[in-house]
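# Fold and geometry: a report
One-letter residues, chain by chain:
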Amino acid sequence: MSSRDPEDRLMMPDEPFEELKRVLDTRVRSEAPTPDCLQDDVIAAFAEGSLAPDLRATVLPHIATCVRCRGAVASVARALADPAVARELVVSPTDRRWYRIAVPLAAAAVLLLLLASPGADRSPGHRGPPPPPSSTTPVPRSPLGLVAAVRDLRWSPVAGADRYRVTVFDATGGVVYAAEAPDTVIALPDSVTLVPGTAYLWKVDARTGFDRWATSELTEFRVAEPRRR
Amino acid sequence: MDDWVAELQRDRFDAAWDLFLDRYRRLIFAAIRHYAQDYDDVMDVFARACEALRADDLRRLRSWVEQPEHRARFSTWLVTVVRHLTVDWFRHRDGRRRLSVVAEGLPPLRRRIFELVFLDRRSHIEAYELIHAGEAPTLTFREFLSELRATYHAVSTGRRGQVLRDLAPASEAVEDLPADPAGPSATGVAEQSRLLERALAMLTPDDRLIVELYVLEELPAETVAKVLGLANAKAVYNRSYRALSLVREQLERAGVRREDL
């Protein structure tokens, strides 16, 4: 009998799968490459989760059964999750060079300000409107929460972004819709049917450089169910 | 456009290489260090990676740049290439001496399993046969599996072990195993593996991959969700548990009970 934990995670405490895992672990396997084995760019895209849904559907049957490719994907995904690697993926040397210049400059500017206004009021408190939100990551604008209908998806622009990638997930985590756009709005095609009352999640990735993407938070929405008369 | 790409497109290969290396040296090192920690190993693999990336006027880099559309980020592709080069380097090197250092701290049985599986690249069944026929005639297959799992765990723990995980052996398919590999217990497990493969084959490819990556490869649920384009880790938990329930049902229909496993 299954149950759910406070985080709505399906739990089966009386159904440990260790024994299945033990047998699965000891399957003998073949690692001989086949003509269907994945190219490096597909392995990389799979590992970073950026493979286009149509291509992912095409390669899934192979990777589900090919130890060689699955091992490569898992290995690269592990490497990407290694904090030392992840740090280098996020901070490019270009950024590092900028930091080397900008940080001392910023420190000097703060020092100058402090020296120039020794009597200035330094008490904390609100002074005018809050700063504008960071434009380094896209922010989903609509749909958010309960909406009457979804005809398009809109998000905030990101400075320097030349392309955006939108992904809509259903409640099971499956991809309902994925597309790329040069602008901050994309029409939802009629072929995508959203079930009223069902929760969906969506996110936007903004390409901000040759090798840089900035990802929004996952945002939930649901389409209102039609009123009963 | 990045400066190294611009230089590459002008066929200024030396300049492109210098700029590329300036930009990605730390990432290459980080990727290599993920798989190997020994300083000499890291430096040797780095040299090999540079040699491979620079060969034929930066052929690998040019092939990536010239692709009309890129499926992955360049840096992820680079980590993938470095991973392959690192694993190949360890495979082709006279590695027995250095890899044996890893086994020194293991109990005798696990050290023997390590030698057979990781160094001699024997299949699990073969390793059992050799140990059973040699130094441990009373070792049951079930006990061997327990020791095998502990050996995998020991060599995969820590950064040094990452490359060892990738060096796990290539073995023959279940169907190619001898009919009676090592007594009734091993045959039983081989039969269970065959049934399990059939049960797994009944899952959808994405559910099967969730099981393989989350349960077997032991990737964190968040990573599996990212790889498979699922919304979050919860989706991975739920789908893997449901998929494994289906697998168990299939096994029970085939007459395999939990206590038989």
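## Description of helix α3 (residues 39-65) of chain B
All names here are of chain B. With 27 residues, α3 extends only 32 Å from end C-alpha to end C-alpha; this falls clearly short of the ideal 39 Å at 1.5 Å per step. Its axis deflected by about 105° at D56, α3 carries its strongest bend there. Among the residues of α3, D41, V45, A49, L53, L58, L61 and W64 are the ones counted as buried. Against α1 (3-9), α2 (13-35) and α4 (74-92) lie the buried residues of α3.

## So, the pairing of strand β5 (residues 152-155) of chain A
Residue and element names in this part refer to chain A. Every second residue of β5 is oriented toward a common face, the buried set being L153 and W155 and the non-buried set D152 and R154. With 2 bridges connecting them, strand β3 (residues 140-142) and β5 associate as antiparallel partners. Bridge pairing links P140 to W155 in β5. Bridge count for β5 against strand β8 (residues 185-187) is 3 bridges, and the pairing is antiparallel. The residue of β8 that forms the bridge with L153 is I186.

## Comments concerning helix α6 (residues 108-119) of chain B
Under the 1.5 Å per step criterion, the end-to-end length of α6(B) is 15 Å for 12 residues, consistent within 8% with the ideal 16 Å. Inspection of α6(B) places R112(B), I113(B), F114(B), L116(B), V117(B) and F118(B) among the buried residues, and these make up the whole buried set.

## So, the packing of helix α4 (residues 67-81) of chain A against α4(B)
Contact geometry of α4(A) with α4(B) gives a least axis separation of 10 Å together with a crossing angle of 120°. Relative to α4(B), α4(A) is oriented oblique. Regarding α4(A) and α4(B), the two cross each other, and that crossing is right-handed. Residues S75(A), V76(A), A79(A) and L80(A) of α4(A) form the contact with α4(B), whose own contacting residues are T76(B), V79(B), T80(B) and R83(B). Taken together, the residues of the contact of α4(A) with α4(B) sort by class into 4 nonpolar, 3 polar and 1 charged.

## Thoughts on the sheet that holds β8(A)
All names here are of chain A. Pairing within the open sheet is antiparallel, and its 3 strands lie in the order β3-β5-β8. The sheet is open, and its two borders are formed by β3 and β8, each paired with just one other strand. Each neighbouring strand pair of the sheet contributes to a mean axis angle of 25°, computed without reference to strand direction.

## Observations regarding the environment of A225(B)
Residue and element names in this part refer to chain B. Topologically, A225 is positioned in helix α12 (residues 221-228). Taking the number of C-beta atoms within 10 Å as the measure of exposure, A225 has 24 and is therefore buried. The spatial distance from the C-alpha of A225 to the C-alpha of V236 is 6.2 Å, given a sequence separation of 11 residues.

## Quick look at the environment of L80(A)
All names here are of chain A. In this fold, L80 is placed in helix α4. For L80, a count of 24 C-beta atoms within 10 Å puts it in the buried group. Each C-alpha atom, one on L80 and one on A44, is 9.8 Å from the other, the two residues being 36 residues apart in sequence.

## So, the packing of helix α2 (residues 40-48) of chain A against α4(A)
Residue and element names in this part refer to chain A. Direction vectors running N to C along α2 and α4 enclose 55°, while the axes themselves pass 8 Å from each other. Between α2 and α4, the angle falls in the class oblique. Relative to α4, α2 is oriented so that their crossing is right-handed. Contact with α2, carried on its side by I43, A44, F46, A47 and E48, involves C69, A72, V73, V76, A77 and L80 of α4 and no other residues of that element. When grouped by side-chain class, the residues that make up the contact of α2 with α4 number 10 nonpolar, no polar and 1 charged.

## Quick look at the nonpolar core
Formed by 90 residues in total, the largest nonpolar core has its most connected members in I43(A), V73(A) and V76(A). Apart from the residues within four sequence positions on either side, I43(A) is in contact with L38(A), C69(A), A72(A), V73(A), V76(A) and T80(B). Judged by nonpolar contacts, the second largest core, of 13 residues, contains F114(B), L116(B), V117(B) and F118(B).

The rules behind each value
Sequence order sets the numbering: in each chain, residues are counted from 1 along the sequence as written. Following the order in which they are written, the chains are lettered starting with A and the ligands numbered starting with 1. The predicted origin of the model limits local features to residues at a pLDDT of at least 70 and limits the giving and counting of side-chain atom pairs to 80 or more, whereas totals for whole chains, interfaces and linings rest on all residues. Helical segments are the DSSP runs of H or I of at least four residues, strand segments are the runs of E of at least two, and each set is numbered from the N terminus. Expected helix span is computed as 1.5 Å times (number of residues minus one). Bending is quantified residue by residue as the angle between axes fitted to the seven-residue window ending at that residue and the seven-residue window starting at it. Exposure classification rests on a simple neighbour count of other C-beta atoms within 10 Å of a residue's own: a residue reaching 20 or more is buried, one at 12 or fewer is exposed, and one in between is partly exposed. C-beta atoms are placed from the backbone. Whether two residues are in contact is decided by their C-beta atoms, placed from the backbone, lying within 7 Å. Any two strands with at least two DSSP bridges between them are considered paired. As a rule, the C-alpha atoms of each element are fitted with a line to give its axis, helices using only the stretch in contact, and angles between N-to-C directions run from 0 to 180 degrees. Reported orientations rely on four angle classes, namely roughly parallel under 35 degrees, roughly antiparallel over 145, roughly perpendicular from 65 to 115, and oblique for the rest. Working rule for handedness: look at the near helix, and if it is turned counterclockwise from the far one by less than a right angle, call the crossing left-handed; if clockwise, right-handed. Polarity classes work like this: nonpolar for Ala, Val, Leu, Ile, Met, Phe, Trp, Tyr, Cys and Pro, charged for Asp, Glu, Lys and Arg, and polar for all others, with Gly in that last group. Put simply, a nonpolar core is a cluster of buried Ala, Val, Leu, Ile, Met, Phe, Trp, Tyr and Cys residues tied together by C-beta atoms within 7 Å.

So yeah, pure geometry; function would need other evidence.
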